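Commentary on secondary and tertiary structure
Residue strings, one per chain:
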Amino acid sequence: NGIYNFPGGMERLGLVGSAMDMELVKLRVEGTKDLELNLIRMADSVLTVSYGDTEKIHKLLPETQIFTAGYIINVDESRIAKKTFHQRSGILFLASFDDTMYHNGDAIWYFLNEVYPLVMKESKSPIALTIAGRNIPEELYELVERNSSLKRNIIFRESVVDIDELYNNARVFIAPNLYGAGVQYKVSEAFSRGIPAVMSTYTADSVGISAKDAIGCIGRNSETLKKCIIDIYGDEETWDMMQQNGLKFIRKNHDRNDARVVLDRVINTNLEKIKSIREKGDPRKIEHGLITAKMNRVTHPCPEGEKYYAMKYIEIKEDVDSGKFGSFFEHYQLLGKDQGKEYLCWKELKKLETISAIAT
């Protein structure tokens, strides 16, 4: 299963309104890009979950054998929100945060600062915004707390057990992500529940749709995202059309039977190679090139690792500056592994280009 985990253009990381240090984001994104391209090189076949990913990988590695099967999301008629346009209100942002501003946290930070004020200014009446998810970062609470106009209209819902309630009551779903990983599953899930979505161009690319498809509304910047929300939120006919188009998209691209056919092709295509490996001995003893490389176990300091650690774990910087630790790598070796901290020497991943020969 190949994973594609980086934006189509690094210039997107310079969007106004980001809460993240862009150097930190670039380190993480570029490193992930190197890792995943090498994983793709090492695979006999790659399975993507959207045609957008398939197209991008083909451009970078045209010789790759790629199969595409969307996430299985059945349109359960009983779970499609039954409330009509006029029975709904508010905007919904639902995501997993994991107590970090990276990706989803940064997306809603951008929306709160750059888009939502424009929506409130143009809307004839206040539109409530619900921010729901697991481990919502304190930065978002603090941002809303110190802004009275936001505070009056923002509702936080932490770790909601039953999300049906959220889907049943919201009129518009938003996904204003600036960068991130793979397919935005939350958008497909919103479509399957009958809720029109407003999304950034990055999110639309990851889902595999374009503006001409009229599946949700795609905003290129803060002004066009605002227009999308105003147009869908305030017009019943547009809302109904977007709802039906979203349901059609799920039925076409996330069908269980279609995914089964693709998976059968993947297995049958590689079956002879699998048989050959098994005939040579116990497959459990076969070591993959990536495992041999042990790239996740950093054994020495590197400039990008020092920079990444310093930016991501700011609280440790004082201990290093005072001489308590000789370097950020020293802290990682002594305490970081046990505390689940990352020290990333991305340049080491370049070795995988030669190591990949081991796997073949």
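Residues numbered from 1 in each chain as written. Predicted model: local features only at pLDDT ≥ 70, side-chain atom pairs only at ≥ 80, totals over all residues. Heavy atoms only, no water.

Of all six residues in strand β4 (residues 129-134), five are buried; the element is thus mostly enclosed. Here strand β3 (residues 91-96) runs beside β4; their pairing, made up of six bridges, is parallel. Within the sheet, the bridge partner assigned to Ser-96 lies in β4 and is Arg-134. For the crossover from β3 across helix α3 (residues 104-122) to β4, the handedness is right-handed. Alignment of β4 against strand β5 (residues 154-158), held across five bridges, turns out to be parallel. Bridge pairing in β5 links Leu-129 to Ile-154. (Buried < 20%, exposed > 50% of the residue type's maximum accessible area, 1.4 Å probe, protein only. Helix = DSSP H or I, 4+ residues; strand = E, 2+ residues; numbered from the N terminus. Pairing = 2+ DSSP bridges. Right-handed = clockwise from strand over helix to strand, strands pointing away.)

Right, let's get into the pattern of salt bridges. Per the counting criterion, the structure on display carries eleven salt bridges. The shortest N-O distance in the salt bridge between Arg-193 and Asp-164 comes to 2.6 Å. Here the residue Arg-193 occupies a position in the loop between α7 (185-192) and β7 (197-200), and Asp-164 occupies one in helix α6 (residues 164-169), the gap between them amounting to 29 residues. Looking at Arg-193, the relative accessible area reads 6%, which means it is buried. Its salt-bridge partner being Lys-227, residue Asp-231 comes within 2.7 Å of it at the nearest N-O pair. Within this pair, Asp-231 and its partner Lys-227 are both found in helix α9 (residues 222-234), separated by four residues, close to a single helical turn. Note on Lys-227: relative accessible area 48%, which makes it partly exposed. Taken together, the salt bridges that share partners define one network made up of Glu-122, Glu-223 and Lys-226. (Salt bridge = Lys/Arg side-chain N within 4 Å of Asp/Glu carboxyl O.)

Okay, the sheet that holds strand β6 (residues 172-175) next. One open sheet holds the six strands; their spatial order is β5-β4-β3-β6-β7-β8, and the pairing between them is parallel. At either margin of the open sheet sits one strand with a lone partner, and together these are β5 and β8 (217-219). When the angles between neighbouring strand axes are averaged without regard to direction, this sheet yields 25 degrees. Strands β3, β6 and β7 of the sheet are contacted by α7, whose axis makes an angle of about 165 degrees with β6. (Axes fitted to C-alpha atoms, helices over the stretch in contact; angles between N-to-C directions. Contact = heavy atoms within 4.5 Å.)

Here we come to the nonpolar core. Ranked by internal contacts, the top residues of the largest apolar core, which has 40 residues, are Ile-108, Leu-112, Leu-129 and Ile-174. Of all elements in the fold, only β3, α3, β4, α4 (138-145), β5, β6, α9 and α10 (236-253) reach the threshold of two or more residues within this core. Once residues within four sequence positions are removed from consideration, Leu-129 is found in contact with Ile-91, Phe-93, Ile-108, Phe-111, Leu-112, Tyr-116, Asn-153, Ile-154, Ile-155 and Ile-174. Counting residues in hydrophobic clusters, the runner-up holds 25 residues, among them Leu-92, Val-187, Phe-191 and Ile-250. (Core = buried A, V, L, I, M, F, W, Y, C linked by side-chain atoms within 4.5 Å.)

A few words now on the confidence of the model for the protein chain. Chain-level statistics for the protein chain give a pLDDT mean of 81 and a share of 80% at 70 or above. Per-element confidence in the protein chain is highest for β6, whose mean pLDDT is 97, and lowest for helix α16 (residues 352-359), whose mean pLDDT is 43. Every residue in residues 289-295 is under pLDDT 50, and counting partners more than four places away or in other chains gives 14 contacts. Below pLDDT 50 for its whole length, residues 352-360 participates in 15 contacts with residues either more than four positions away or in separate chains. (pLDDT = per-residue confidence, 0-100.)

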